[in-house]
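Spelled out, the chains give:
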Amino acid sequence: MPTRINKGLEDSSTKNKIFSIKIVVPLLIAAFLLFYNFNQKKELSEYKETQALFGSYVTIHCLYDEREDILGVVEEGWRRLKEIQISMNALSVGGYVARINKSGYDGVQVSDDVYRLLKRSLEFSDLTRGAFDITVFPLVELWKNAARSRQFPDETAVTNVKKKVGYQNLKLKNDNIVSFKVSGMKIDLGAIAKGYAVDEVVKIFTKNKIKNFYIDAGGDIYCGGKYKKKKKWTVGVQDPRNKTKIIDVLRIEDAAVTTSGNYERFISLNGKKYSHIIDPVTGYPQDGVISSTVIAPTAEKADALSTALSVMGGKKGIKLINSLSHVEAMIIEDKGGKLKKYRSKGYKKLKK
Ligand code: AMP
Ligand code: MG
């Protein structure tokens, strides 16, 4: 009897088990499918668009949950980029920079954001001991004109134009008034504006809780959050001699990467390529550095510093980067045809 009872009991518990398996298994499958679909949906929702801006191409790539939310936000981002393009381009008539260059000697009132960017530009000049200098524009024009007329400028021309260059002569006064101390001075935000613009879009995304994205403004890149399957974004540093080759692959999360180099933008004179980055102290195009890559918390910082490092060169440049926190860099010099790479202390950790 006990055996039977036991058997009977066993029977009913087995039945219960089968019953619960019948319910639990389909429930688990349904839950898995729901979870899988949800994740699939998440992975499938991507926005990617490229537009011609800043004399280059800008790409915005976002991963998101709901399409309705994202379109309004990226639209705001594109609008902001276009606004900055006009206000910061030295050649766009009516923009703040063009106005400063026209009437800077008398003083020009600018918007809060332009004023603040000019202030930070002067701080970058101090930090890099003048290697980064937005007042370099008269020299930029001199070298561009030389390339156009295919005539190497003589020393006197360089010396004369250099008198109009010097960030110490750019004055930021009360009430957002910007003025030049020397007549004929001009500014150029080409070395920092794209980075600043990228950061402005990052701000818009952060405000709207968009975490996983990248923005690439012609080499000024910001990677927000992570890519699919929780992997960090990867950014390839190109070989300055061969665009199809990658030197290093970096893993980046919530940081910016910018490369300055003369392999894409350069001045051609007497059959020789010259950098579009000018050494404000000598007045001549920088020579020696063929690419400098900076990784920093903001695109503005990465942009300004990468330009400065091209002027400073490998040794001095890396010394400066090693003295800053949360900033890494790689500088590549051409040493008689051979490439010499200088890397900051923490750069290796970013490599894949
Ligand atoms: P990037 O491509 O960010 O290195 O910026 C290069 C651009 O910045 C050039 O095309 C010039 O318009 C401008 N520029 C050239 N030399 C300097 C310099 N030493 N400091 C600041 N801006 C510069
Ligand atoms: Mg730059």
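About the thresholds
- Residues numbered from 1 in each chain as written.
- Chains lettered and ligands numbered in written order.
- Predicted model: local features only at pLDDT ≥ 70, side-chain atom pairs only at ≥ 80, totals over all residues.
- Heavy atoms only, no water.
- Near = heavy atom within 4 Å.
- Polar contact = N/O pair within 3.5 Å; in protein donor to acceptor, adjacent residues only side chain to side chain.
- Areas by Shrake-Rupley, 256 points an atom, 1.4 Å probe, with all protein chains shown as cover.
- Helix = DSSP H or I, 4+ residues; strand = E, 2+ residues; numbered from the N terminus.
- Patch = residues over 30% accessible without salt bridge, like charges linked within 9 Å, V, L, I, M, F, W, Y side chains within 5 Å.
- Salt bridge = Lys/Arg side-chain N within 4 Å of Asp/Glu carboxyl O.
- Lys, Arg positive; Asp, Glu negative; His and termini not counted.
- Charge placed at Lys NZ, Arg CZ, Asp CG, Glu CD.
- Buried < 20%, exposed > 50% of the residue type's maximum accessible area, 1.4 Å probe, protein only.
- Pairing = 2+ DSSP bridges.
- Axes fitted to C-alpha atoms, helices over the stretch in contact; angles between N-to-C directions.
- Parallel < 35°, antiparallel > 145°, perpendicular 65-115°, else oblique.
- Left-handed = near helix turned anticlockwise from the far one by under 90°.
- Contact = heavy atoms within 4.5 Å.
- Donors = N, O, S within 2.8 Å, 3.2 Å for Na, K, Ca; no water.

1. Brief notes about the site of ligand 1
In the neighbourhood of ligand 1, 17 residues make up the surrounding shell, with A131, D188, S260, I278 and T307 lying closest. I278 has a polar backbone atom sitting 2.9 Å from a nitrogen atom of ligand 1. Measuring from an oxygen atom of ligand 1, one finds a side-chain N or O atom of T307 at 2.7 Å. Protein contacts shield 95% of the accessible area of ligand 1, which totals 500 Å² for the unbound molecule. The leading source of residues in the shell around ligand 1 is helix α8 (residues 299-312), at 3 residues.

2. Some words on a positive patch on the surface
Taken together, the side chains of K229, K231, K232, R251 and K352 define a basic patch exposed on the protein surface. Within the secondary structure, K352 sits in the segment after α10 (347-350). Looking at K352, the relative accessible area reads 69%, which means it is exposed.

3. Here we look at the pattern of salt bridges
Inspection of the entire model under this criterion finds 14 salt bridges. In this structure, D113 and R80 form a salt bridge, with 2.9 Å as the shortest nitrogen-oxygen distance. Linking D113 in helix α4 (residues 112-127) with R80 in helix α2 (residues 67-88), this pair joins segments that are 33 residues apart in sequence. R120 is the partner of E300 in a salt bridge, and the nearest nitrogen-oxygen pair spans 2.6 Å. With E300 in helix α8 and R120 in helix α4, this pair connects stretches of sequence that are 180 residues apart. Note on E300: relative accessible area 7%, which makes it buried. Among the ionic contacts, a cluster of salt bridges with common partners joins R80, E83, D113, E200 and K203.

4. Focus on the sheet that holds strand β8 (residues 226-227)
The sheet built from 3 strands is open, its strands ordered β8-β9-β10 with antiparallel pairing. Looking at the sheet topology across the chains shown, the edges are occupied by β8 and β10 (242-252). Inspection of the sheet shows strand β9 (residues 231-239) paired to β10 by 7 bridges, in the antiparallel sense. Bridge pairing in β10 links D239 to N242.

5. Observations concerning the packing of α4 against α8
A pair of packed helices can be characterised by two numbers: the angle between their axes and the separation between those axes. Two elements in contact, α4 and α8, have axes whose closest approach is 11 Å; the angle formed by their N-to-C orientations is 45°. Taken together, the axes of α4 and α8 are oblique relative to one another. Relative to α8, the crossing made by α4 is right-handed. In contact with L117, R120, F124 and L127 of α4, α8 contributes E300, K301, A304 and L305.

6. Quick look at the coordination of the magnesium ion (ligand 2)
Think of it this way: four donors in a tetrahedron around the metal ideally sit 109.5 degrees apart, and six in an octahedron ideally sit 90 or 180 degrees apart. Surrounding the magnesium ion (ligand 2) are the protein donor atoms A191 (O), D303 (O), D303 (OD) and T307 (OG1), at 2.0 to 2.5 Å. Read in sequence order, the donor residues coordinating the magnesium ion (ligand 2) give the pattern A-x111-D-x3-T. Linking A191 in the loop between β5 (177-180) and α7 (193-207) with D303 in helix α8, this pair joins segments that are 112 residues apart in sequence. A relative accessible area of 4% places D303 in the buried class.

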